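What follows is each chain in one-letter form.
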Amino acid sequence: ALDARNPLAKYEKASVLLSDDRFQEALQELEALKEVAPREASVFFLMGRIYKKLNLPDQAMVNFSVALDLKPASSDVNLIKSAIEKLHVPDDSEDEDL
């Protein structure tokens, strides 16, 4: 069983929900995770990706921007910037993870 207090387990669960197209459930996990890990760029990046899939580019942009503001590793910065550039491109060909 997943430990509800384990941030990594919550993140993994959200990733699985996202890959299952269960976007609202994934967002709920990530919102709870933000309470525990408010400065984790990957959480905001994943939320941005979900909002993009929900066709909510403004919310996606907000989350991508917060992820950048949290000073992630340089390789992650490139991923986030790439996601921002592709914000108005359909999702068919994208599959990047932090």
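Observations concerning helix H3 (residues 41–53)
Part 1 of the argument: With 13 residues, H3 ought to run about 18 Å at 1.5 Å a step, and its terminal C-alpha atoms sit 19 Å apart, in line with that.
Part 2 of the argument: In terms of residue burial, H3 counts as a mostly covered element, since twelve of its 13 residues are buried.
Part 3 of the argument: Among the residues of H3, Ala 41, Ser 42, Val 43, Phe 44, Phe 45, Leu 46, Met 47, Gly 48, Arg 49, Ile 50, Tyr 51 and Lys 52 are the ones counted as buried.
Part 4 of the argument: Elements in contact with the buried residues of H3: helix H1 (7–19), helix H2 (23–36), helix H4 (57–69) and helix H5 (74–85).
Part 5 of the argument: Asn 55 occupies a position one or two residues after H3 and carries a positive phi of about 65°.

Some details on the nonpolar core
Part 1 of the argument: In this structure, Leu 30, Ile 50 and Phe 64 are the most contacted members of the largest nonpolar core, which totals 25 residues.
Part 2 of the argument: Of all the secondary structure elements, the ones that give two or more residues to this core are H1, H2, H3, H4 and H5.
Part 3 of the argument: Per element, the largest residue contribution to this core is eight residues, and it comes from H3.
Part 4 of the argument: With near-sequence residues (within four places) excluded, Leu 30 lies in contact with Tyr 11, Ala 14, Val 43, Leu 46, Met 47 and Ile 50.

Regarding unusual backbone geometry
Note on backbone geometry: most residues besides glycine have negative phi, and most peptide bonds are trans.
Part 1 of the argument: With a phi angle near 65°, Asn 55 is a residue other than glycine that sits in the positive phi range.
Part 2 of the argument: By secondary structure assignment, the location of Asn 55 is in the loop between H3 and H4.
Part 3 of the argument: When its relative accessible area of 63% is taken as the criterion, Asn 55 is described as exposed.
Part 4 of the argument: The phi angle at Lys 71 is positive, at roughly 55°, despite the residue not being glycine.
Part 5 of the argument: Mapped onto the secondary structure, Lys 71 falls in the loop between H4 and H5.
Part 6 of the argument: Residue classification places Lys 71 among the exposed positions, given a relative accessible area of 69%.

Reading the values: rules and limits
- Residues numbered from 1 in each chain as written.
- Predicted model: local features only at pLDDT ≥ 70, side-chain atom pairs only at ≥ 80, totals over all residues.
- Heavy atoms only, no water.
- Helix = DSSP H or I, 4+ residues; strand = E, 2+ residues; numbered from the N terminus.
- Expected span 1.5 Å × (residues − 1).
- Buried < 20%, exposed > 50% of the residue type's maximum accessible area, 1.4 Å probe, protein only.
- Contact = heavy atoms within 4.5 Å.
- Core = buried A, V, L, I, M, F, W, Y, C linked by side-chain atoms within 4.5 Å.

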